[in-house]
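# Observations on the model geometry
Here are the chains, one letter per residue:
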Amino acid sequence: MSTTPDRTRTRFPDISSRAYEHPADRGALVALRSLRGFDTVLRKMAGLFSERSLRLHFLSGAVRVGETQFADVHQDVVDAAHILDLKEVPDLYVILDPVPRAMAIGKDKPFIVVSSGLFDLLDAEERRFVVGHEVGHILSGHAVYRTLLLALTNLALRVAWLPLGYFGLRAIVLALEEWHRKSELSADRAGLLTLQNPDAANRTLMKLAGGSRLAEMDVDAFLEQAREYDAAEDARDGLLKLLSLMGRTHPHAVVRLAELDHWARSGEYSRILAGDYPRRGEDADASISQEAKNAAKSYQEAWSRSADPLIKVLRDVAGGAQDASGKIFDSVFNRGRSNG
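Residues numbered from 1 in each chain as written. Predicted model: local features only at pLDDT ≥ 70, side-chain atom pairs only at ≥ 80, totals over all residues. Heavy atoms only, no water.

### Some points on the nonpolar core
- Counting residues in each nonpolar core, the largest one holds 46 residues, and the members touching the most others are Phe12, Leu92 and Ile272.
- Residues in contact with Phe12, not counting those within four places in the same chain, are Ile83, Leu84, Asp85, Leu193, Gln196, Ile272, Leu273 and Tyr277.
- Judged by nonpolar contacts, the second largest core, of seven residues, contains Ala62, Tyr93, Ile95 and Phe111. (Core = buried A, V, L, I, M, F, W, Y, C linked by side-chain atoms within 4.5 Å. Buried < 20%, exposed > 50% of the residue type's maximum accessible area, 1.4 Å probe, protein only. Contact = heavy atoms within 4.5 Å.)

### Some points on the side chain of Asp25
- Looking at the element boundaries, Asp25 is found in helix 1 (residues 23–34).
- Classification of Asp25 as buried rests on a relative accessible area of 0%.
- Here the side chain of Asp25 touches His142 through a polar contact of 3.0 Å, side chain to side chain.
- If sequence neighbours within four positions are ignored, Asp25 has contacts with His142, Trp179, Lys182, Ser183 and Ser186. (Helix = DSSP H or I, 4+ residues; strand = E, 2+ residues; numbered from the N terminus. Polar contact = N/O pair within 3.5 Å; in protein donor to acceptor, adjacent residues only side chain to side chain.)

### Observations concerning the pairing of strand 4 (residues 111–115)
- Of all five residues in strand 4, five are buried, a share of seventy percent or more.
- Burial along strand 4 is two-sided: Phe111, Val113 and Ser115 facing one way and Ile112 and Val114 facing the other are all buried.
- Judged from the four bridges that link them, strand 2 (residues 92–95) and strand 4 form a sheet pairing that is parallel. Within strand 4, the position partnered with Ile95 by the bridge is Ser115.
- Sheet analysis places strand 3 (residues 102–105) next to strand 4, joined by four bridges and oriented antiparallel. Directly across from Met103, in strand 4, lies its bridge partner Val113.
- Where strand 3 hands over to strand 4, the hairpin turn is made up of five residues, of which Gly106 adopts a positive phi near 115 degrees. (Pairing = 2+ DSSP bridges.)

Below is the structure:
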């Protein structure tokens, strides 16, 4: 099997995952990786889940792609690893499941699992986007931190009867869930870098929202949905959106498409295609403080673009508005108007 992509696409030798990671995702990862002893703790927690057991589970109950099984999907993985300069091509398993989903699993030797429902839903180009997305997760090391999130979530459920311990863990879990959602935006960018076809990337996300009848969907209308979702009618909708994210590890499909479209148009995508990207050899020199600043800046920029009334109020809080708490109260309960 050739290790060269089946059509001409730009390859990114020694590309660092920092090139495509969302600033909030990247800032968290740089900080976590720099903590003394964190890797040791992480590995012990990850040890609660047997990677060997998971691999045997899929080896016995799924189809491992290769040169003689799902050969075209195997080529997709080879292509993605080649383009993102992943040293080892990960295994990929296809499982019988009508629900479209995919995941990257493992710590020492990560592998990819794709459901038959997702395989049947997508065409060849769209499938490349999904495979590149999962390879991006592997290059970023997300699978390890996802294991931590899973471990803490299970632990929080076990100690739910201890209020102080539960709420403390839930705070950590909520923070990790927010990171996880940003990591999905990072992986979408990796998928686009692998695919190098923005239209196909958009189609993929639209299908994940509305199914296979793509001829009856329109990307401009879908982006308008994203703008409408962002704007909301008042701060009550803003609160409902925040509450709807609790327990979710993935952003909504319209949000993912809007974020990917914004990134593709921002100039960063073009710069990476032109060869202007950070290298893996420079990762050790990454500044924690600078990445934290970049993360804060990304949130500020997202807030400045947002038309959500609640976000506008929170932006006032960040800017030092003294009456912000009253604004939130009045906005949420619609009590800002005088009756006299």
